[in-house]
Amino acid sequence: MPKPIKVTFVLVLTLAVIGISIFLIKWGVDEVLKIVCPIKYEQIVSKASEEYGVSKELIYAVINIESGFAEKDVSKAGAKGLMQMTDDTFEWLQTKRGLKNKMQAYTLFFPETSIDYGTYFLALLMDKYENEQTALAAYNAGMGNVDKWLLDKSHSSDGKTLDYIPFKETEKYVSKVAKCKEIYIYLYAKEEA
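Residues numbered from 1 in each chain as written. Predicted model: local features only at pLDDT ≥ 70, side-chain atom pairs only at ≥ 80, totals over all residues. Heavy atoms only, no water.

Caption draft 1: How the structure looks around the overall build of the chain. Within the chain one finds nine helices and zero strands. The buried share among the 193 residues of the chain stands at 37%. Sequence separation of at least 24 residues holds for 53% of the intrachain contacts in the chain that already meet a minimum separation of 6. Counting only carbon and sulfur atoms, one obtains 59% of the accessible surface of the chain, whose full area is about 11,500 Å². (Helix = DSSP H or I, 4+ residues; strand = E, 2+ residues; numbered from the N terminus. Buried < 20%, exposed > 50% of the residue type's maximum accessible area, 1.4 Å probe, protein only. Contact = heavy atoms within 4.5 Å. Areas by Shrake-Rupley, 256 points an atom, 1.4 Å probe, with all protein chains shown as cover.)

This is the structure:
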């Protein structure tokens, strides 16, 4: 790298670090974290949390990582809404609830539907796997994949928890949700106290 470009890069990087530092000092780390991990749909999340026994912090973390709170978000795989559910999973969950008049897939774009069914699904996964990390892996990669991984000694030493997640995307997803949940606990649990 020629020296002028290297010096320019170092100068720009230094200015960026100084700018970020000033921003953090002025606004405070907590305020910046609240921008990254906001609270939205509070009544809907609280209701779902109570009904299904899933912590609000986990629900918020899943919404944040799945859609960034974009109600109309659609993934490459066709998952829809705040909690990014596929049409097949949505239909399966409605059948599991015994609904005869099933809702259409577009209702996943409604926050109430997405959060209700996403949290219901998380609760089912938590009951099945009895482990948050494994449940989150199933939320992302599917129960079929997780069930196979749990039977494989190179992925699970005890058949109940995952020691290794072979899908890098799922491994990153589980880690991101866990970190995001910790931020929600840090920011909002102290406010409720």
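Caption draft 2: Broad picture of the packing of helix α3 (residues 42–52) against helix α4 (residues 56–67). α4 packs onto α3 with a crossing angle of 125° between their chain directions and a minimal axis gap of 9 Å. The pairing of α3 with α4 is recorded here as oblique in orientation. Note that α3 runs across α4; the crossing there is right-handed. Residues Glu-42, Val-45, Ser-46, Ala-48 and Ser-49 of α3 lie in contact with α4, whose contacting residues are Lys-56, Ile-59, Tyr-60 and Ile-63. Tallied by class, the residues present in the contact of α3 with α4 amount to five nonpolar, two polar and two charged. (Axes fitted to C-alpha atoms, helices over the stretch in contact; angles between N-to-C directions. Parallel < 35°, antiparallel > 145°, perpendicular 65-115°, else oblique. Left-handed = near helix turned anticlockwise from the far one by under 90°. Nonpolar A, V, L, I, M, F, W, Y, C, P; charged D, E, K, R; others polar.)

Caption draft 3: Main features of the packing of α4 against helix α7 (residues 132–141). Two elements in contact, α4 and α7, have axes whose closest approach is 13 Å; the angle formed by their N-to-C orientations is 35°. Handedness of the crossing formed by α4 with α7: right-handed. The residues of α7 that touch α4, namely those facing Leu-58, Val-62 and Glu-66, are Glu-132, Leu-136 and Tyr-139.

Caption draft 4: Geometry of the side chain of Ser-114. Examined against the element boundaries, Ser-114 turns out to sit in helix α6 (residues 111–129). Within the local environment of Ser-114, its side chain forms a polar contact with the backbone nitrogen of Met-83, the two atoms lying 2.9 Å apart. Discounting chain neighbours no more than four positions away, the residues touching Ser-114 are Lys-80, Gly-81, Leu-82, Met-83 and Leu-108. (Polar contact = N/O pair within 3.5 Å; in protein donor to acceptor, adjacent residues only side chain to side chain.)

Caption draft 5: The arrangement of the side chain of Thr-113 in detail. Relative to the helices and strands, Thr-113 resides in helix α6. Since its relative accessible area comes to 10%, Thr-113 is described here as buried. Ignoring any residue separated from it by four or fewer positions in sequence, one finds Thr-113 in contact with Phe-90, Met-103, Thr-107, Leu-108 and Gly-118.

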